[in-house]
Amino acid sequence: MARLKSPDTLPYAYCPGSNLLHRLPAGFKLFLFLSLSFSVFFFGLPGLLGEAVFLVLGAFSAGIRPGELFRGTGRLAAMAFFVLAARSLSLFPPAFNAPGFAAGLRFAATILISFAAASLFFKVTTMTQFRESLARAEGLLGYPLICLLKPLRRDWALRLRYRLERPRLSLGLALLLGFLPQFFEIWEIASTAYTARGGKKGLSRITALIPMVTEGMMERAAETARALEARGLSL
């Protein structure tokens, strides 16, 4: 009998905790994880190894098994393996391409490690913390312009000041990223329902799940929009 997975074991799902990584400000954690991900492209293998070590230590400190950070990477790993195989073979003449293999392996590791980094970020950060952190940053960036607009009484200045005083960019970005964990949740619900009804694996499974998940995401987006409107918020 098919059963739903525990919510905190789903990809990108938040795992409650009170350790240092959980208590860090969401904005600082976002900057930290983005810096680590970009370091892979600027520093190559040392950056990749450094990020991998940080993820392992961070996962253990947050009470998360490192393997859980790679949940949901099945198809991503298959794509990375295909790229690795394509880079490793030379067709004319047929031969093993050692430099291509090294480059493909580095590409595959970069993709998977970046996914794990994003997974760890979402597991130690709630969307409320993330949105509030972004709103504070947006408010600080817009404050100088708000001060300049205060003496002006023209309509365009009043409208611009009104928009700056109600952070919208942070809300939109938080909603955008917040749908990533919800996508995996809806996919898991649809997949469990499909399996419980005797659905077959393979391509037929994908073609059946995609419309169900798309509909579920649209319904979740509509619910979010109605909730925002009820609170007097809109993008």
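Throughout, residues of each chain are indexed from 1 in the direction in which the sequence is written. Only residues with pLDDT of at least 70 get local features here, since the model is predicted, and only at 80 or more are side-chain atom pairs given and counted; chain-wide, interface and lining totals rely on the full set of residues. The side-chain values count all of the structure's non-hydrogen atoms but skip hydrogen atoms and water molecules.

K.L.:
Break down the overall build of the protein chain for me, with residues and values.
P.N.:
Every helix listed is a DSSP run of H or I at least four residues long, and every strand listed is a run of E at least two residues long, numbered separately from the N terminus. Across its full length, the protein chain carries eight helices and two strands. Along the protein chain, helices and strands appear, N-terminal first, in the series α-α-α-β-β-α-α-α-α-α. We compute the radius of gyration over the C-alpha atoms and compare it with the globule rule, which gives 2.2 Å times the number of residues raised to the power 0.38. Its C-alpha atoms give the protein chain a radius of gyration of 22 Å, clearly above 18 Å, the size a compact globule of 235 residues would have. When the backbone C-alpha atoms are referred to their principal axes, the protein chain occupies close to 75 × 50 × 40 Å. Each of the 235 residues in the protein chain was classed as buried or not, and the buried ones make up 31%. Each residue gets one of three labels from its accessible area relative to the maximum for its type: buried under 20%, exposed over 50%, partly exposed in between, using a 1.4 Å probe on protein chains only.

K.L.:
So, the side chain of Lys29: which residues are in play, and what are the values?
P.N.:
Structurally, Lys29 is set in helix H2 (residues 26–61). Although Lys29 is buried, it forms no salt bridge, and the closest oppositely charged side chain is Glu132 at an N-O distance of 11 Å. N or O atoms within 3.5 Å of each other form a polar contact, as long as, within protein, one can give a hydrogen and the other can take it, and as long as residues adjacent in sequence are counted only when both atoms are side-chain atoms. A distance of 3.2 Å separates the side chain of Lys29 from the backbone oxygen of Leu21, its partner in a polar contact. Lys and Arg are tallied as positive, Asp and Glu as negative. Neither His nor the chain termini are counted. The term salt bridge refers to a side-chain nitrogen of Lys or Arg lying within 4 Å of a carboxyl oxygen of Asp or Glu.

K.L.:
Describe the nonpolar core, listing the residues and the values that go with them.
P.N.:
In terms of nonpolar packing, the biggest core is built from 25 residues, with Phe33, Leu55, Ile64, Leu69, Leu120, Phe121 and Phe130 touching the most fellow members. Going through the elements one at a time, H2, helix H4 (98–123), helix H5 (127–149) and helix H7 (169–196) are the ones with two or more residues in this core. What makes two residues a contact is simply this: any of their non-hydrogen atoms within 4.5 Å. Ignoring sequence-local partners within four residues, the contact set of Leu69 consists of Leu55, Ala59, Ile64, Phe115, Ala116, Ser119, Leu120 and Lys123. Nine residue types can take part in a nonpolar core, namely buried Ala, Val, Leu, Ile, Met, Phe, Trp, Tyr and Cys, and a core is a set of them joined through side-chain atoms within 4.5 Å. Formed by seven residues, the second largest nonpolar core is a distinct cluster that contains Ile186, Ala190, Leu209 and Met217.

K.L.:
So what's going on with H2? Residues and values would help.
P.N.:
Here H2 contains 36 residues, and its C-alpha end-to-end distance of 17 Å is more than 12% below the 52 Å for a straight helix at 1.5 Å per residue. The largest bend along H2 measures about 150° and falls at Phe43, with the proline Pro46 one to four residues further on. Directly beyond the C-terminal end of H2, a positive phi value near 75° is found at Gly63. Take the residue count of a helix, subtract one, and multiply by 1.5 Å to get its expected span. We define the bend at any residue as the angle between the axes fitted to the seven residues before and including it, ending there, and the seven starting there.

K.L.:
A description of the pattern of salt bridges should follow, citing residues and the corresponding values.
P.N.:
A complete count under the given rule lists two salt bridges for this structure. Among the ionic pairs, Arg65 bridges to Glu68, the shortest N-O distance being 3.2 Å. On the accessibility criterion, Arg65 (54% relative accessible area) is exposed. Arg220 is the partner of Glu185 in a salt bridge, and the nearest nitrogen-oxygen pair spans 3.9 Å. A residue pair is termed long-range when its members are at least 10 positions apart, and Glu185 in helix H7 and Arg220 in helix H8 (residues 203–230) qualify at 35 residues.

K.L.:
Could you give an account of the environment of Gly142, with specific residues and numbers?
P.N.:
With respect to the helices, strands and loops of the structure, Gly142 is situated in helix H5. As a C-alpha pair, Gly142 and Gly198 span 56 residues in sequence and 55 Å in three-dimensional space.

K.L.:
Requested: an account of H4, with residues and values cited.
P.N.:
Owing to its 3.6 residues per turn, the α-helix aligns residues three or four sequence positions apart on the same side. The end-to-end C-alpha distance of H4 is 37 Å, a good match for the 38 Å that 26 residues give at a rise of 1.5 Å each. Taking the backbone nitrogen of Gly100 as reference, a side-chain oxygen 3.1 Å away marks Asn97 as the first, capping residue of H4.

K.L.:
Can you lay out the packing of aromatic side chains for me, pointing to particular residues and giving the numbers?
P.N.:
Each aromatic pair joins two rings of Phe, Tyr and Trp (for Trp, the six-membered one) with centres within 6.5 Å, and gets the label stacked for planes under 30 degrees apart, edge-to-face for over 60, and tilted for any other angle. For the structure on display, the rule yields six aromatic pairs. Ring plane angle 50° and centroid distance 5.6 Å describe the contact between Phe96 and Phe101, whose orientation is recorded as tilted. On the basis of relative accessible area, Phe101 is assigned to the partly exposed category, the value being 31%.

K.L.:
Tell me about the environment of Gly72, and please be specific about residues and values.
P.N.:
As for its position among the elements, Gly72 is in the loop between H2 and helix H3 (74–88). Those residues in contact with Gly72 that lie beyond four places of it in its chain are Pro11 and Phe115.

K.L.:
Now, about the side chain of Glu68: what can you tell me, with residues and values included?
P.N.:
On the secondary structure map, Glu68 appears in the loop between H2 and H3. For Glu68, the contacting residues outside a window of four places in its chain are Ser119 and Lys123.

K.L.:
Break down a nonpolar patch on the surface for me, with residues and values.
P.N.:
Together, Leu34, Phe38, Phe41, Phe42 and Phe43 line one region of the surface with nonpolar side chains, adding up to about 640 Å² of accessible area. Examined against the element boundaries, Phe41 turns out to sit in helix H2. What goes into a patch is any residue over 30% in relative accessible area without a salt bridge, connected to like charges within 9 Å or, for nonpolar side chains (Val, Leu, Ile, Met, Phe, Trp, Tyr), within 5 Å. Areas reported here follow the Shrake-Rupley algorithm with a probe of radius 1.4 Å; residue values treat only the protein chains shown as occluding.

K.L.:
So, the packing of H5 against H7: which residues are in play, and what are the values?
P.N.:
Where helices are involved, their axes are fitted lines through C-alpha atoms of the stretch in contact, as for all axes, and angles between N-to-C directions lie from 0 to 180°. Look at H5 against H7: their axes get within 8 Å of each other, and the N-to-C directions meet at 155°. As far as their axial angle goes, H7 and H5 are roughly antiparallel. Regarding H5 and H7, the two cross each other, and that crossing is right-handed. Residue-level inspection shows Met127, Phe130, Arg131, Leu134, Ala135 and Glu138 of H5 in contact with H7, the latter providing Leu169, Ser170, Leu171, Leu173, Ala174, Leu177 and Gly178. Polarity classes work like this: nonpolar for Ala, Val, Leu, Ile, Met, Phe, Trp, Tyr, Cys and Pro, charged for Asp, Glu, Lys and Arg, and polar for all others, with Gly in that last group. Across the contact of H5 with H7, the residue classes tally to nine nonpolar, two polar and two charged. Oblique is the label for any angle not covered by the other classes, which are roughly parallel (under 35 degrees), roughly antiparallel (over 145) and roughly perpendicular (65 to 115). What makes a crossing left-handed is the near helix being turned counterclockwise from the far one by less than a right angle; a clockwise turn instead makes it right-handed.

That's the geometry; what it means functionally is another story.
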